[in-house]
Amino acid sequence: MTTTPEAPNLGRAQARKEDARLLTGRTNWTDNIRLPGALHVAFVRSPLAHARITGVDYSAALELPGVVAAFSGADFADEQGSLPCAWPVTEDIVTPAHPPMAVDEVRYAGEAVACVVARDAQSAADALEAVDVDYEPLPAVLDMEAALADGADLVHADAGTNRSFLWPLTEGDVDAAFDGADVVVTRRYRQQRLIPAAMEPRAVVCRPEGDSFTLWSATQIPHVLRVMLAMTTGIPEQDIRVIAPDVGGGFGSKLQVTAEEVLALLLARRLGLPVKWTETRSEGFQTTHHGRDQIQDVSIAADADGRIRGLKVDLLADMGAYLMLVTPGVPILGALMFPGIYKMDAYSFSCTGVFTTKMPTDAYRGAGRPEATYAIERIMNELADELGMDPLELRRRNWIAHEEFPYTTIAGLTYDSGNYEAATERAVELFGYSELRAEQERRRAAGDPVQLGIGVSTFTEMCGLAPSRVLGSLRYGAGGWEHASVRMLPTGKVEVVTGSSAHGQGHETAWSQIVADRLGVPFEDIRVLHGDTQVAPRGMDTYGSRSLVVGGTAVVRACDRVVDKARAIAAHMLEAAEEDLEFSGGVFRVRGTERPSATIQEVSLAAFAAHDLPEEMEASLDSEATVDPDDFSYPHGTHLCAVEVDTETGRTRIRSYVAVDDVGTIVNPMIVEGQVHGGLAQGIAQALYEEAVYDTEGNLVTSTMADYLLPSAADLPDFTTDRTVTPSTTNPLGVKGVGEAGTIASTPAVVNAVVDALRPYGVRDVPMPCTPERVWRAVTGVQDNEGAAQ
Amino acid sequence: MIPPRFDYTRPATLAEAVGILAADEDAKVLAGGQSLLPLLRFRLASPTSVVDLGAIAGLRGVADEGGHVRVGALTTHYEVVNDPLIAAHCGLLAQATRTVADPAVRHRGTIGGSMAHADPAGDLPAVALALAAEFLVTGPGGDRSVPAAEFFVDYLTTALEPGEVLTAIRIPKLDGWSFHYEKFSRTAQAWAIVGVAAAVRRVNGDITEARVGLTNMGTTPVRADSVESACRGIPAQADAIHEAARSADAEADPPSDLSAQADYRRHLARVLTGRALARAAGS
Ligand SMILES: Cc1cc2nc3c(=O)[nH]c(=O)nc-3n(C[C@H](O)[C@H](O)[C@H](O)COP(=O)(O)OP(=O)(O)OC[C@H]3O[C@@H](n4cnc5c(N)ncnc54)[C@H](O)[C@@H]3O)c2cc1C
């Protein structure tokens, strides 16, 4: 990416202006907020996966030093409402009530049943042990298929079923596509349950101010949260201010309206004092929403030459015990992405949402798209194997050629741009594909106990969430627009207010780069404000790789309006016609003359003084814009992974990893690089390391970092990254979004590599995460004590 | 993650520490705190009082005692890894200690704490067992010495009696031996699924003696006697060694847990023992 004299900032690897404070922690994390007189809340949580609550006795807790109050769910039954689900994906979806504190029944281990409020966090923690809760155990419901069987134990007895919804889609003649096929490959893949594990735990502080409230939360969605808090509790929206101070990561887990947020608000109201709650890491693992957890039945039909005829996908998606903010929408976001980058004649999809007595699932980095990409990219490799074809060659025969864009896929999405050939060619070159294939042959022939595997993943994803009309048609409760306002201050400095809510992405830097070029002001002169509903009153927040694509476009539009206003004033100042002015590098000049010029800073000061403005001109350059995207954007790329698998121990070592991504125009290559690296780490983690495991009683056993294995830098290879640039045509910046690409692409790349290494042993799949033990069982066929051969 | 309330003392002498511990059976010794603090924070332990050994002179450091090296109980993992005496005479201990956790933990955690905690997944107990170390203990009844074979009694349980403090570990010098510690864990900073501490003595290309200790293959570290016998007199060559290693799990009774089932642990013990011995034997 090269910058230009007119646009010296866009495309520059500008160091992030927010990093010094984020990395040193010298900033306002929610848990750092100390309010005078604040009380500390701790929650009593269910030790059982499913039980009727027959009694809550907190009288002993009230006697303990420092304890101010204690409450059960029953004490808030009249005012706590039900935690919202904003995405009822079908008309007849079953959406059970979800009280923030359980009143009659608990449905997952960790569900809050009572709370204690104390003068300090230590006393609150001590008092938890003094609260007595009586439970009458009910059967845990843990397995999705068993949950759907006749006579299954029910998570919600009233609902009469564990099925929340069935969401079908059919395009083209699927039967014909399969009936006439030379090859049909059918597989079942499992998306294990994952724990998002953001670095900063969830935390919330709420302060009552007369009849109104300020609530600080480690959230990705201050704006949505404010609306939902008002709708859930009945407290008028204008009386609630939500602040997301600096937030240390979310990955979707803070795209939520949580029980603790609602209860903090209600406790502050009930007690008339500020309250604070910060989760412990184990509490977070147990009760911050989980990700993925699907069973995917996938069939692909093709002609003998490899041309894909059709694809069938049937999903079971584990909702957990309740539907949270977008729980049912996550698998539906994936519904349109299973066809990936390929052309085909027919496609059918269905998703059944299933209740179990586990923590609800919801958005986790990629949300629906990693699941879809995994399924199609895994089964493409199996199809290639079936056909005896190189997996890259099979992809070449089926992908949308670059001259075919814009292209409407079988799922009905119109991909605006892309160049799969270019990205793949570059990746193959960087990877040394044929050399590695040759080495693989040598090792296979020699019977080397350490086998080499090569994994391919060519992916695309829909980003830039989202055109409001599309969200409406998918029954999502809100729109997908974004808002920005740009204020020129009298001294010529700039405040940019964005409705995006950065929690690690670097918006302050990227937005400043955009504005610096657009207005011709120095990068350092720009301050970006966000994450406070009083400071940034309009916004749709940050998730789904939407902020640059949608929010960045709003910033561009607002800047253009500032320039329009400035142009009128400058024309007046320079005694010229507006049409005769040119604007570049922050200076208005009369085109083709040597006449005096005016800088945008001078114009800003003139607007402030307002001594001599054109007729009808307001004394301000401030402008705003609300942008609803015309369509999604579609980043894509080709990722290649080489693994060495020690067949004696089952250990997989990633030897090399090449990621060539096309995320459109690049505002800041350093930020892009960081997003790709972090995304790869999380995607590789799903492939090899992470899994949330519940025992047969429904207790989460991976409740600490000693058991839930997050890889560190020491476990990851050096990444070779590069980019092709095919600008998006759906937004003026040409950007596509990069927040999720690495996660989406890498999981199938790694698993494809592991399976490729083991093909000589007859292995066709290794369930995720591909632990050494599972690999060993796959190689040897030795069954585990549950009878699984892998 | 807030621990329950407890008293904290930091006595200046060993006698004082033993006195406090003998008087209160719910008191707990604090060394590096890397195992005790997590237990407190999870509220899995709730001692009335925590007795910090940090101010007691003489519990830290490494000394040459002729046939042995004496390592003070409060010597940190970091110090063990970097100590020249240990490097010269007990390289296996340094090598195993290098695999413990991460630098932050190694700067605080101590050898005595690792032994006294007796986590079978800990890397150091198997080394102590394989090398027939001796544990020096001071308690209300005076000083005594416990051989490694008797020190590790059960899961998280040692021969230490209430009121006793582990003061040092005496490790026979390994001069003339070669060794290797093979650790198998899922991530770089995770605990061992299985670990193998191996040392061999070679004469004219044959193994004359071998020592093998196993990590996480039972409720205590395990001495692999069968392999040790099977190695005696075999050529120091890969084939023979791997053949001998097939009995590596004979004495073990490995657990099934989240990170591995027992049958896989047995398999790993055999493979890794072969590898550790082969590395030790330079073949
Ligand atoms: C994240 C993490 C990862 C780790 N990974 C590993 C690993 O891979 N391999 C490994 O081997 N270890 C690992 N450890 C444990 C580490 O080695 C600890 O240092 C060790 O287990 C305990 O040593 P300590 O000095 O911290 O003891 P403490 O935590 O202070 O004490 C542990 C126990 O021993 C008792 N105790 C301590 N010293 C004495 C003494 N002198 N006399 C009598 N009783 C005593 C205490 O009362 C307590 O019961 C890890 C720890 C952490 C936090």
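Small disclaimer: the values here were computed from a predicted structure and weren't measured.

Just checking my understanding: could you explain unusual backbone geometry for this structure?
Glycine aside, a negative phi is what most residues show, and trans is what most peptide bonds show. Residue and element names in this part refer to chain A. The linkage connecting Phe405 with the following residue, Pro406, adopts the cis geometry, with an omega of -10°. Among the secondary structure elements, Pro406 is positioned in the loop between helix 11 (391–398) and strand 16 (407–408). A cis amide bond links Met768 to the next residue, Pro769, at an omega of -10°. Residue placement: Pro769 occurs in the loop between helix 19 (741–758) and helix 20 (772–780). Although it is not a glycine, Glu616 adopts a positive phi angle of roughly 70°. Note on placement: Glu616 falls in the loop between helix 17 (600–609) and strand 25 (623–627).

How do you make sense of the confidence of the model for chain B when you look at a structure like this?
Segments scoring low in pLDDT should not have their predicted coordinates read at a detailed level. On average, residues of chain B score 97 in pLDDT, and 100% of them reach the 70 mark or higher. We note a pTM of 0.97 for the whole complex and an ipTM of 0.96 for its interfaces.

Just to check I follow, could you spell out the pairing of strand 6 (residues 134–139) of chain B for this structure?
Residue and element names in this part refer to chain B. In terms of residue burial, strand 6 counts as a mostly covered element, since 5 of its 6 residues are buried. Sheet topology note: the strand 6/strand 7 (residues 142–147) ladder contains 6 bridges and is antiparallel. Bridge pairing in strand 7 places Phe135 opposite Val146. If you look at the hairpin formed by strand 6 and strand 7, you'll find 2 residues sitting between the two strands. Both strand 6 and strand 10 (residues 165–172) contribute to a ladder of 5 bridges, which runs antiparallel.

I would appreciate a short explanation of the interface of chain B and chain A in the present structure.
Interface size is commonly expressed as the accessible area that is lost once the parts come together. The interface is formed by 26 residues belonging to chain B together with 35 residues belonging to chain A. Buried surface at the junction of chain B and chain A, both sides included, amounts to about 2400 Å², of which 53% is carbon and sulfur. When residues of chain B are sorted by the area they lose upon contact with chain A, Arg186, Leu258 and Tyr264 of chain B head the list and together hold 27% of the total. Taken together, chain B and chain A are joined by 6 salt bridges. Salt-bridge contacts for Glu129 of chain A lead to Arg43 of chain B; the nearest nitrogen and oxygen are separated by 2.9 Å. It is helix 12 (residues 262–280) of chain B that contributes the most residues to the side of chain B that touches chain A, 7 residues altogether. Across the side of chain B that touches chain A, the residue classes break down as 14 nonpolar, 7 polar and 5 charged.

Just to check I follow, could you spell out the side chain of Thr357 of chain A for this structure?
Looking at where Thr357 of chain A falls in the secondary structure, it is placed in the loop between strand 15 (346–355) and helix 10 (369–387). Apart from residues no more than four positions distant in its own chain, Thr357 of chain A is found in contact with Ala49, His50, Arg107, Tyr108, Ala140, Val141, Leu142 and Val155 of chain A.

Looking at this structure, I do not really get the site of the ligand. What am I missing?
All names here are of chain B. The local shell around the ligand holds 29 residues, among which Val29, Gln34, Ser35, Leu36 and Thr110 are the closest. At 2.7 Å, a backbone N or O of Gln34 approaches an oxygen atom of the ligand. Considering the ligand on its own, with 960 Å² of exposed area, one finds that the protein chains cover 90% of that surface. Elements with a minimum of two residues in the shell around the ligand: strand 2 (27–30), helix 7 (111–117) and strand 10. In terms of residue count, the dominant contributor to the shell around the ligand is helix 7 (4 residues). Here the residues of the shell around the ligand sort into 15 nonpolar, 11 polar and 3 charged.

Procedures and definitions
Residues numbered from 1 in each chain as written. Chains lettered and ligands numbered in written order. Predicted model: local features only at pLDDT ≥ 70, side-chain atom pairs only at ≥ 80, totals over all residues. Heavy atoms only, no water. Helix = DSSP H or I, 4+ residues; strand = E, 2+ residues; numbered from the N terminus. pLDDT = per-residue confidence, 0-100. Buried < 20%, exposed > 50% of the residue type's maximum accessible area, 1.4 Å probe, protein only. Pairing = 2+ DSSP bridges. Contact = heavy atoms within 4.5 Å. Buried area = accessible area lost by both parts, 1.4 Å probe. Salt bridge = Lys/Arg side-chain N within 4 Å of Asp/Glu carboxyl O. Nonpolar A, V, L, I, M, F, W, Y, C, P; charged D, E, K, R; others polar. Near = heavy atom within 4 Å. Polar contact = N/O pair within 3.5 Å; in protein donor to acceptor, adjacent residues only side chain to side chain. Areas by Shrake-Rupley, 256 points an atom, 1.4 Å probe, with all protein chains shown as cover.

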